[in-house]
Amino acid sequence: PSPAFTLPRAFYAHVPRTGDLISNSGAGSPSFCTAIDSRNDHMYAVFEDNRYSNGRYGEIAFAMSADGGVTWSAPAPINRTPNSIPALDRQAFLPNVAVAADGTIGVTYCDLRHNSTRPGCATDYWLITCHPDRKTSPTVRESWHETRLTAASFDMDGANIPPFGVRYLGLRFGLT
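Computed from a prediction, not measured in an experiment: that's the story for all the values here.

Rules and cut-offs
- Residues numbered from 1 in each chain as written.
- Predicted model: local features only at pLDDT ≥ 70, side-chain atom pairs only at ≥ 80, totals over all residues.
- Heavy atoms only, no water.
- Helix = DSSP H or I, 4+ residues; strand = E, 2+ residues; numbered from the N terminus.
- Buried < 20%, exposed > 50% of the residue type's maximum accessible area, 1.4 Å probe, protein only.
- Contact = heavy atoms within 4.5 Å.
- Areas by Shrake-Rupley, 256 points an atom, 1.4 Å probe, with all protein chains shown as cover.
- Core = buried A, V, L, I, M, F, W, Y, C linked by side-chain atoms within 4.5 Å.
- Pairing = 2+ DSSP bridges.
- Phe/Tyr/Trp six-rings, centres within 6.5 Å; stacked < 30°, edge-to-face > 60°.
- Lys NZ or Arg CZ within 6 Å of the ring centre and 35° of its normal.

### Quick notes on the overall build of the protein chain
Across its full length, the protein chain holds zero helices and eleven strands. Listed by position from the N terminus, the elements making up the protein chain come as β-β-β-β-β-β-β-β-β-β-β. Going through the 176 residues of the protein chain one by one, you find that 47% of them count as buried. A fraction of 52% describes how many contacts in the protein chain between residues 6 or more apart in sequence connect residues 24 or more apart. Accessible area for the protein chain stands at about 8,900 Å²; split by element, carbon and sulfur atoms hold 54% of it.

Written as C-alpha cells, this is what we have:
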C-alpha cells in the first residue's frame, strides 16, 4: 500500500453528441465518496478518475485502507463499462459506496454505455458489488459483479440545467 494517493484534477463528464457538460466533478474536486466496514474498520473510497484513459473519459476508481487511513492501496478502476464501445460512451460518473453488514461493498455509478447516435444521451445507473475475502480483492476490476438498476436508459439531455450551465441530476443521488 502507498502512504496516500492523490485525486486526479477535477474534470467534467459531457454529453458525447452535443458536448454539454454533466455535473460530476467539474471545476471543484472530483466526485468522491467513502464508507467504512464496521466488522474490520477497513475504509473504502471511490472517485472519478480519468488517468486510466489518458484524460479521454472518467472511470470509477477504488482505493482501500486497512489501517484507519494511514496508508491506502493504489487506486484501481472498477467500473464494468465495456471497452468495446466508443470512448465518449465509456464515461462513468457520480460514484457512491456503502458496505453491507456482511462486508459486501456496493458501488453505484452512471455511465453512457447504451448511448448511440440517436438524439438524446442514453444514461444508465449501475450497482457493482464485491465481497472481499482471501481470494477476492476489491482492487481488482474482475472481482466486481454488475447489476443494471435502470430498467431502461434515461435521457441525460432531460436533466436540469441550473444557472451554472451544466446538466445536473441533484444533490442526493446514490446509496444510503
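More follows now that the structure is in view.
### A short note on the nonpolar core
V46, F62, I78, V97, V107 and W144 are the most contacted members of the largest nonpolar core, which has 17 residues in total. Of all the secondary structure elements, the ones that give two or more residues to this core are β3 (32-36), β4 (43-49), β5 (59-65), β7 (92-99), β8 (105-111) and β9 (122-130). For F62, the contacting residues outside a window of four places in its chain are Y44, A45, V46, A74, P75, A76, I78, I105, P138, T139 and W144. Of all hydrophobic cores here, the second largest spans eleven residues; its members include F93, L94, C110 and Y125.

### Comments concerning unusual backbone geometry
Of all residues except glycine, most have a negative phi; of all peptide bonds, most are trans. Positive phi outside glycine occurs at N54, with the angle close to 55 degrees. Along the polypeptide, N54 turns up in the loop between β4 and β5. The backbone phi angle of L94 is positive, close to 60 degrees, even though this residue is not glycine. Its place among the elements puts L94 in strand β7.

### Here we look at the pairing of β8
Taken across its seven residues, β8 has seven buried, putting it largely inside the fold. Side chains of β8 alternate between two faces, with I105, V107, Y109 and D111 and G106, T108 and C110 buried alike. Note: β7 against β8, six bridges, orientation antiparallel. Bridging from a neighbouring strand, V97 pairs with V107 of β8.

### Things to note about the packing of aromatic side chains
With the rule as written, the count across this model stands at two aromatic pairs. Seen in terms of ring centroids, F62 and W144 are 5.5 Å apart; in terms of plane orientation they differ by 65 degrees. Their pairing is edge-to-face. Here F62 is found in strand β5, whereas its partner W144 is found in the loop between β9 and β10 (145-148), with 82 residues between them in sequence. Judged by its relative accessible area of 0%, F62 falls in the buried class. Given the relative accessible area of 1%, W144 is considered buried. Above the face of the W126 ring, R113 is positioned so that its terminal group lies 3.7 Å from the ring centre.

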